[in-house]
Amino acid sequence: MDLALLYSGGKDSTLAALLLDSFYEVTLVTAHFDVTGDWEHARDAADRLGYDFDVVELDREVAESAAARMVEDGYPRNGIQQVHEHALERVAELDVDAIADGTRRDDRVPTVSRAQAQSLEDRHDVDYLAPLSGFGRRAVDRLVDANLEVESGPSERITKGDYETELRALIAEEHGPDTVETVFPEHEQTYVRGLK
């Protein structure tokens, strides 16, 4: 069965791929707004891991709406959630049996509720899987430490293929770099360099 996994090149989505590839033909799919070329980092990670790779382009209006919401809110949560939901919709439109993402049990954002998952499945005739939904951060970190070569650091320094980079670029363009620092709290990102 074919599965499309929403992929950033980070540890969570990579671990999700490793957990699923015993059961599915996994294609790693990066969603982007064509604001930056950062999606290529996800493609490079997929190549190093030996997975098929695809790209879906998201609607620029969604990015602009999410960025505006983040600036208005003063934090990224609602905007990131909006983009993630849009990305899952686009991935669900692919010709696959199942879709998945790397959301974990203790993620604050993005999350996928049971109702959202069922709606995706019903409307697109796909299975939605969140293989890390039962894993806490510590369990994920232990599995990652044992299996993956990972680079980690502050979000603004780690290059990977998630939409946060593009949203940061849109906010900086519209409101200046200082606003990006105000909206996004300091947090660590990861980028997978390969398998151990």
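Per an unreviewed UniProt entry, the protein is named Asparagine synthetase domain-containing protein, and its organism is Halogeometricum rufum.

A. Just the sheet that holds strand 5 (residues 127-129), in detail. Ordered in space as 3-2-1-4-5, the 5 strands form an open sheet in which the pairing is parallel. With one partner strand each, in any of the chains shown, strand 3 (52-57) and strand 5 form the two edges of the open sheet. Here the average twist between neighbouring strands, direction ignored, is 30 degrees. Pairing of strand 1 (residues 2-6) with strand 4 (residues 98-100) involves 3 bridges; the strand directions are parallel. Note on strand 4: the bridge partner recorded for Leu 5 is Ala 100.

B. Highlighting the packing of aromatic side chains. This model, assessed by the stated rule, comprises 1 aromatic pair. With a centroid separation of 6.4 Å and an interplanar angle of 10 degrees, the aromatic rings of Trp 39 and Phe 53 are classed as stacked. One end of the pair, Trp 39, is in helix 2 (residues 39-49); the other, Phe 53, is in strand 3, and 14 residues separate them in sequence. Residue classification places Phe 53 among the partly exposed positions, given a relative accessible area of 22%. The residue whose ring lies beneath Arg 168 is Phe 184, and the NZ or CZ to ring-centre distance is 4.5 Å.

Parameters and conventions
- Residues numbered from 1 in each chain as written.
- Predicted model: local features only at pLDDT ≥ 70, side-chain atom pairs only at ≥ 80, totals over all residues.
- Heavy atoms only, no water.
- Pairing = 2+ DSSP bridges.
- Helix = DSSP H or I, 4+ residues; strand = E, 2+ residues; numbered from the N terminus.
- Axes fitted to C-alpha atoms, helices over the stretch in contact; angles between N-to-C directions.
- Phe/Tyr/Trp six-rings, centres within 6.5 Å; stacked < 30°, edge-to-face > 60°.
- Buried < 20%, exposed > 50% of the residue type's maximum accessible area, 1.4 Å probe, protein only.
- Lys NZ or Arg CZ within 6 Å of the ring centre and 35° of its normal.

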